Amino acid sequence: MGPAATAEFYAKVIARTPAVRDQDHVRLVIWADPTVPDRVAALLDGSTDPYPALLEGALKLRDLDATVIAIPCHTAQYFIPKLAADTGMRFLDMVAETAAALSARTGPVGLLGTRGTLASGLYRNMLAGTELILPSEPTQTEVDQAIAAVKRGDARQGGAHLDRALAALDAPLTILACTELPLAARFTTSEGELLDPTDLLADALIQCCW
């Protein structure tokens, strides 16, 4: 739903596919709809309802004979159970993929994402056995500004905000739980380890479709 994040996700699928020619790549249909109402506002105060637009997109993909759907938007993962029930489609779960990747890890893990993603509890529930470091209000404001900067086409400025958020969080590993944050992360100087769940989602998509 974020255009830059959508393009980045497709680039990751291409780059991570073990292909040597065009015909080796995954057959993929992209439904990119930036007009889907705000998912964050929907989870925070119910002021918007993105579900009809999400369902419409999923049905369009089903009509195009898609067999599995990946949504590179963390906040939208909240709606996957209902989408799967209403469409009969298989949806890959980015949060579950992240939890699986961290299952053997010990020690604290930082979590940065939209206010909606954090409020949904998706990551807290999936990572119930992990000590999560969550952002303070000033740190969350930096995250909000990083995401907004990427959305307006200024990933470098987003990186400056993300740098400050990472420094304040001070976690040995941080989950970038918003698909705009990896774009900002290209312009950070933080030495902490960063985990991009869209890498894991791309790998899951390749594994089931290649």
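Above this text sits the structure in question.
Residues numbered from 1 in each chain as written. Predicted model: local features only at pLDDT ≥ 70, side-chain atom pairs only at ≥ 80, totals over all residues. Heavy atoms only, no water.

Chemist: Which parts of the structure should I look at to understand the pairing of strand S3 (residues 109–113)?
Modeler: Working note: regular strand, side chains alternate between the two faces of the sheet. With five of its five residues buried, S3 lies for the most part within the structure. Because side chains alternate across S3, one face comprises the buried residues Val109, Leu111 and Gly113, and the other comprises Gly110 and Leu112, equally buried. Where S3 and strand S4 (residues 132–133) come together, two bridges link them in parallel fashion. Counterpart to Gly110 in the pairing with S4 is Ile133. (Buried < 20%, exposed > 50% of the residue type's maximum accessible area, 1.4 Å probe, protein only. Helix = DSSP H or I, 4+ residues; strand = E, 2+ residues; numbered from the N terminus. Pairing = 2+ DSSP bridges.)

Chemist: Is there a simple way to explain the sheet that holds S3 in this structure?
Modeler: Within a sheet, each strand pairs with its neighbour through backbone hydrogen bonds, oriented either parallel or antiparallel. Taken in spatial order, the four strands make up an open sheet running S4-S3-S5-S6, and their pairing is parallel. Edge positions in the sheet fall to S4 and strand S6 (193–195), since each has one partner strand and no second. Sheet topology places S3 next to strand S5 (residues 173–177); four bridges connect them, and they run parallel. Opposite Leu112, over in S5, you have Leu176 as the bridge partner. Its contacts with the sheet place helix H9 (residues 155–169) against S3, S4, S5 and S6, and it is angled at close to 150° to S3. (Contact = heavy atoms within 4.5 Å. Axes fitted to C-alpha atoms, helices over the stretch in contact; angles between N-to-C directions.)

Chemist: Would you mind going over the environment of Pro108 with me for this structure?
Modeler: Mapping Pro108 onto the fold places it in the loop between helix H5 (94–101) and S3. Through-space distance from the C-alpha of Pro108 to that of Pro37 is 34 Å; in sequence the pair is 71 residues apart. Setting aside residues no more than four positions away along its own chain, Pro108 makes contact with Glu131, Ile133 and Pro172.

Chemist: It is not clear to me how the pattern of salt bridges should be interpreted in this structure. Could you clarify?
Modeler: Pairing of side chains with opposite charge becomes possible as their charged atoms draw close. One pass over the structure, following the stated rule, counts 13 salt bridges. Glu56 serves as the salt-bridge partner of Lys60, at 3.9 Å between the closest nitrogen and oxygen. Taken together, the residues Lys60 and Glu56, both in helix H3 (residues 51–63) and four residues apart, mark about one turn of the helix. Relative accessible area serves as the criterion here: at 43%, Glu56 is assigned to the partly exposed category. If you follow the salt bridges from partner to partner, you end up with Lys12, Arg16, Asp196, Asp199 and Asp203 in one network. (Salt bridge = Lys/Arg side-chain N within 4 Å of Asp/Glu carboxyl O.)

Scope: geometric values only; no functional claims are made or implied.
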